Amino acid sequence: GFDGEDDLHIMMNMYWEPLPFQIPPVEGRTWHTAINTAAPSPEDIYEPGKEPAVASDTVSVPGRSITVLVSKPQGA
């Protein structure tokens with residue numbers, strides 16, 4: 001993001017098995033899951049401001065799915 005806007009990190013796994021993805025660090029910000037196409041509806045897309053925080057520096061993306069992370073200022 002520019003001028004303090006949220007960053008996006010999009011991970012696409014077109015393989016049929018889960019794959020681990022390394023999450024890039026963003027100083028002063030934490031990553032939150034915005035979309036996970038492998039989750040059942042309505043847990044596949046989170047409302048803005050209600051995205052759960054990612055607790056690790058890697059994310060396992062299920063096979064044939066897409067996960068979108070959004071960065072938020074730490075403590076938000």
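As the structure is a computational prediction, the values presented were derived from the model and not from experiment.

The rules we used
Residues numbered from 1 in each chain as written. Predicted model: local features only at pLDDT ≥ 70, side-chain atom pairs only at ≥ 80, totals over all residues. Heavy atoms only, no water. Buried < 20%, exposed > 50% of the residue type's maximum accessible area, 1.4 Å probe, protein only. Helix = DSSP H or I, 4+ residues; strand = E, 2+ residues; numbered from the N terminus. Pairing = 2+ DSSP bridges. Polar contact = N/O pair within 3.5 Å; in protein donor to acceptor, adjacent residues only side chain to side chain. Axes fitted to C-alpha atoms, helices over the stretch in contact; angles between N-to-C directions.

Draft legend 1. Summary view of the pairing of strand 1 (residues 8-13). Across the two faces of strand 1 the burial differs, with His9, Met11 and Asn13 buried and Leu8, Ile10 and Met12 not buried at all. The sheet contact formed by strand 1 and strand 5 (residues 65-73) spans six bridges and is antiparallel. Pairing of isoleucine 10 across the sheet is with valine 68, part of strand 5.

Draft legend 2. Focus on the side chain of serine 71. Here serine 71 is to be found in strand 5. At 2.8 Å, the side chain of serine 71 forms a polar contact with the backbone nitrogen of aspartate 7. Among the polar contacts made by the side chain of serine 71, one reaches the side chain of arginine 29 at a distance of 2.8 Å.

Draft legend 3. Just the sheet that holds strand 3 (residues 29-36), in detail. With antiparallel pairing, three strands are arranged side by side in an open sheet as 1-5-3. Both edges of this open sheet fall to strand 1 and strand 3, since each of them pairs with a single strand only. Going from strand to strand, the sheet's axes swing by 25° on average, the running direction of each strand aside. For strand 3 and strand 5, the ladder comprises seven bridges, and the chain directions are antiparallel. Residue pairing across strands places arginine 29 opposite proline 73, the latter belonging to strand 5.

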